[in-house]
Amino acid sequence: MGIQTEETKKGKMTVAEAGRRGGKKTAATHGREFYEQIGRKGGEKVSMERGSEFYSEIGSKGGSERAKKHRSS
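What you see is a predicted model, and the numbers here were worked out from it, not measured in a lab. (Residues numbered from 1 in each chain as written. Predicted model: local features only at pLDDT ≥ 70, side-chain atom pairs only at ≥ 80, totals over all residues. Heavy atoms only, no water.)

> Talk me through the overall build of the protein chain; I want residue IDs and the actual numbers.
Check the secondary structure of the protein chain and you find 4 helices and 0 strands. Helices and strands appear in the protein chain in the N-to-C order α-α-α-α. A total of 73 residues make up the protein chain; the buried ones form 3% of that total. Accessible surface, the protein chain: about 6,600 Å² in total, of which carbon and sulfur atoms supply 55%. (Helix = DSSP H or I, 4+ residues; strand = E, 2+ residues; numbered from the N terminus. Buried < 20%, exposed > 50% of the residue type's maximum accessible area, 1.4 Å probe, protein only. Areas by Shrake-Rupley, 256 points an atom, 1.4 Å probe, with all protein chains shown as cover.)

> Tell me what's going on with the packing of helix H2 (residues 15–30) against helix H3 (residues 32–50), and back it up with residues and numbers.
Working note: a packed helix pair is described by the angle between its axes plus the distance between those axes. Between H2 and H3, whose axes approach to 6 Å, the crossing angle comes to 105°. Judged by the inter-axis angle, H2 sits roughly perpendicular to H3. Residue-level contacts link Gly23, Thr26, Ala27 and His30 of H2 to Arg32, Glu33, Phe34 and Tyr35 of H3. Of the residues belonging to the contact of H2 with H3, the class tally is 3 nonpolar, 3 polar and 2 charged. (Axes fitted to C-alpha atoms, helices over the stretch in contact; angles between N-to-C directions. Parallel < 35°, antiparallel > 145°, perpendicular 65-115°, else oblique. Contact = heavy atoms within 4.5 Å. Nonpolar A, V, L, I, M, F, W, Y, C, P; charged D, E, K, R; others polar.)

Shown next as structure tokens:
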């Protein structure tokens with residue numbers, strides 16, 4: 001389970017290790033549908049708060065960055 005530091009040997013764990021363990025436990029108990037549902041809820045919330053213009057803006061930014069990478073290849 002990774003490198004053991006003095007803290008983890010004494011029974012304590014790092015924040016990263018706690019997050020990793022929590023994420024694995026959540027994935028095991030809830031499954032894919034849970035993540036799809038919370039992702040959808042989050043997207044709806046952002047859409048209500050920021051509007052469709054926000055998605056257009058970030059889509060354009062992502063597209064222009066991807067185009068830059070392809071031009072430099």
